[in-house]
Amino acid sequence: DWTMAAYRETKKAEIRAQVGDGKVICGLSGGVDSSVAAILIHEALKDSGTDQLTCVFVDHGLLRLNEREQVETLFRDHYNIPLVVVDAEERFMSGLAGVTDPEKKRKFIGAEFINVFEEEAKKIGGADFLAQGTLYPDVIESVSFTGGPSVTIKSHHNVGGLPERMNMKLVEPLRELFKDEVRELGRELGLNDQFVGRHPFPGPGLAIRIPGEVTKERCDILRKADAIYLDEIRKAGLYDAIWQAFAVLLPVKTVGVMGDYRTYDSVCALRAVTSTDGMTADVYPFDAAFLTQCATRIVNEVQGVNRVVYDYTSKPPGTIEWE
Ligand code: XMP
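Residues numbered from 1 in each chain as written. Predicted model: local features only at pLDDT ≥ 70, side-chain atom pairs only at ≥ 80, totals over all residues.

Quick look at the overall build of the protein chain
Check the secondary structure of the protein chain and you find 11 helices and nine strands. Compactness check: the protein chain gives a C-alpha radius of gyration of 21 Å against a globular reference of 20 Å for 323 residues, within 12% of the reference. Expressed as a percentage of its 323 residues, the buried residues of the protein chain come to 33%. Excluding contacts between residues fewer than 6 apart, the proportion of contacts in the protein chain whose partners are at least 24 apart in sequence is 76%. (Helix = DSSP H or I, 4+ residues; strand = E, 2+ residues; numbered from the N terminus. Rg over C-alpha atoms; globule rule 2.2 N^0.38 Å. Buried ≥ 20, exposed ≤ 12 C-beta atoms within 10 Å, placed from the backbone. Contact = placed C-beta atoms within 7 Å.)

Written out as structure tokens, the structure reads:
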């Protein structure tokens, strides 16, 4: 009968049959899907004697605290997978200067991501295949359905367009799987529970959690607040009960008081939702003491924030991200 262990072997054989002795390039996002796809492909090809797979991780400066280091440790040190890390923070920050419209942010980040990825692919001599962690719901969602909204609410960026531009074929070993199955496959491949249980993180990263202009300074402030919030959530044992939890840095300053001083700093909003697929979502009902603890720590520990609010909006009518 069907087991994930058997599925893993079947998929590895399929990957070998598809790829032959071709070269594969895989863009890592730090998320579960692209990681599981990369590790599976690595396992399938690693005995060929040559490194057929190269992973590329673009650090656009819009990542969470320590995210890049975690990816480096996991792929290079633990799995011994050839990994190129591109430090593209300055490029992305200068391109985002003055951009406040959410869709313009997404479009720029998506396009620039492809530019960076393409440059790196050329540097390693190109590849025959592009590996992606496409899941079954992504396959269905890209097909338009009747009754759904006829307008684009948010244009999600992916590496669409790249395979044609670079003349690469796609390797998508997770196309038949749902998220929970990908997590199980990840565990089967040796990823720990903490990694496979990570909350989804959008491609445009922190840029869509900083309404208004995105700067390195504001990213740094948000990274700190977000890390404190997630630390409290993990300590309270609530991480796995939540679909996504994150902080948002608002372009609004308010007056506060710290000791004998007046402060005039930014507002930070906290968001946490439960969901099964991200299409609809309910607000996570933290108790007041928990939120008070988060607010106190963030205001005390993060310079630049002097007020914290909690977002009580479900989806619909709100969306999960603020932009
Ligand atoms: P919304 O905000 O539309 O989000 O309720 C639904 C899910 O999609 C994620 N999201 C994105 N993911 N690129 C992505 O890769 C994007 O531009 C993007 N916008 C939203 C969001 O984090 C949530 O999981």
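A word on the sheet that holds strand S3 (residues 83-87)
Strand pairs in the sheet, formed through backbone hydrogen bonds, run parallel or antiparallel to each other. Within the open sheet, the five strands sit side by side as S3-S2-S1-S4-S5. Their pairing is parallel. Taken across any chain shown, the strands that pair with only one partner, and hence form the sheet edges, are S3 and strand S5 (169-171). Strand-to-strand, the axes of this sheet are offset by a mean angle of 25°, without reference to chain direction. Across three bridges, the pairing between strand S1 (residues 24-28) and strand S4 (residues 129-131) is parallel. Across the sheet, Ile25 pairs through a bridge with Leu130, a residue of S4. (Pairing = 2+ DSSP bridges. Axes fitted to C-alpha atoms, helices over the stretch in contact; angles between N-to-C directions.)

Let's talk about helix H8 (residues 179-188)
For H8, the full list of buried residues reads Val182, Arg183, Leu185 and Gly186. Each buried residue of H8 sits inside an arc of 160° when the element is viewed along its axis, so together they form one side. In this structure, the buried residues of H8 make contact with helix H1 (4-19), helix H2 (32-45) and helix H9 (193-196). (Arc of directions from axis to C-beta.)

Remarks on the environment of Ala236
With respect to the secondary-structure elements, Ala236 resides in the loop between helix H10 (216-235) and strand S6 (244-258). C-beta crowding within 10 Å serves as the criterion here: with 15 such atoms nearby, Ala236 is assigned to the partly exposed category. Each C-alpha atom, one on Ala236 and one on Glu120, is 41 Å from the other, the two residues being 116 residues apart in sequence.

Structural notes on the pairing of strand S2 (residues 53-59)
Where burial is concerned, most of S2 is hidden: six out of the seven residues are buried. Sheet topology places S1 next to S2; five bridges connect them, and they run parallel. Note on S2: the bridge partner recorded for Leu28 is Phe57. Of the crossover connections in this fold, the one passing from S1 over H2 to the parallel S2 is right-handed. With five bridges joining them, S2 and S3 adopt parallel strand pairing. Bridge pairing links Phe57 to Val85 in S3. Taken together, S2, helix H3 (residues 67-78) and S3 constitute a β-α-β crossover, and its handedness is right-handed. (Right-handed = clockwise from strand over helix to strand, strands pointing away.)

Looking at the UniProt feature "binding site: ATP" (unreviewed entry) in the protein chain
In this structure's numbering, the residues bearing the UniProt feature "binding site: ATP" (unreviewed entry) are Ser29, Gly30, Gly31, Val32, Asp33, Ser34 and Ser35. Among the structural elements, Val32 can be located in helix H2. Exposure remark for Val32: the 24 C-beta atoms within 10 Å place this residue in the buried category. Setting aside chain neighbours within four positions, we find Val32 in contact with Val182, Arg183, Gly186, Val196 and Arg198. Its location among the elements puts Ser35 in helix H2. With 26 C-beta atoms packed within 10 Å, Ser35 lands in the buried category. (UniProt positions renumbered as here; feature names shortened; annotations may be inferred.)

Some words on the pairing of S6
By the bridge criterion, 12 bridges tie S6 to strand S7 (residues 261-274) in an arrangement that is antiparallel. Looking at the pairing, Gln244 lines up with Val273 of S7. Taking the residues that link successive antiparallel strands as the turn, the S6-S7 hairpin has two residues, and the phi of Gly259 there is positive, at about 60°.

Remarks on the nonpolar core
Burial of nonpolar side chains together is a common tendency in soluble globular proteins. Grouped together as the largest cluster of nonpolar side chains are 79 residues, with contacts concentrated most on Val24, Cys26, Ile41, Cys55, Ala225 and Tyr229. Per-element accounting of this core gives the leading share, nine residues, to H2. Setting aside chain neighbours within four positions, we find Val24 in contact with Val19, Ile41, Gln52, Leu53, Ala127, Phe129, Ala131 and Val171. (Core = buried A, V, L, I, M, F, W, Y, C linked by C-beta atoms within 7 Å.)

Focus: the environment of Leu238
Looking at the element boundaries, Leu238 is found in the loop between H10 and S6. Sequence separation of Leu238 and Phe286 is 48 residues, and the distance between their C-alpha atoms is 9.3 Å.

Considering unusual backbone geometry
Following Lys315, the chain continues into Pro316 via a peptide bond in cis, with omega recorded as -15°. Assignment of secondary structure puts Pro316 in the segment after strand S9 (305-310). With an omega of 10°, the peptide bond between Pro316 and Pro317 qualifies as cis. Structurally, Pro317 is set in the segment after S9. Here the phi dihedral of Asn80 falls at roughly 60°; this positive angle occurs in a residue that is not glycine.

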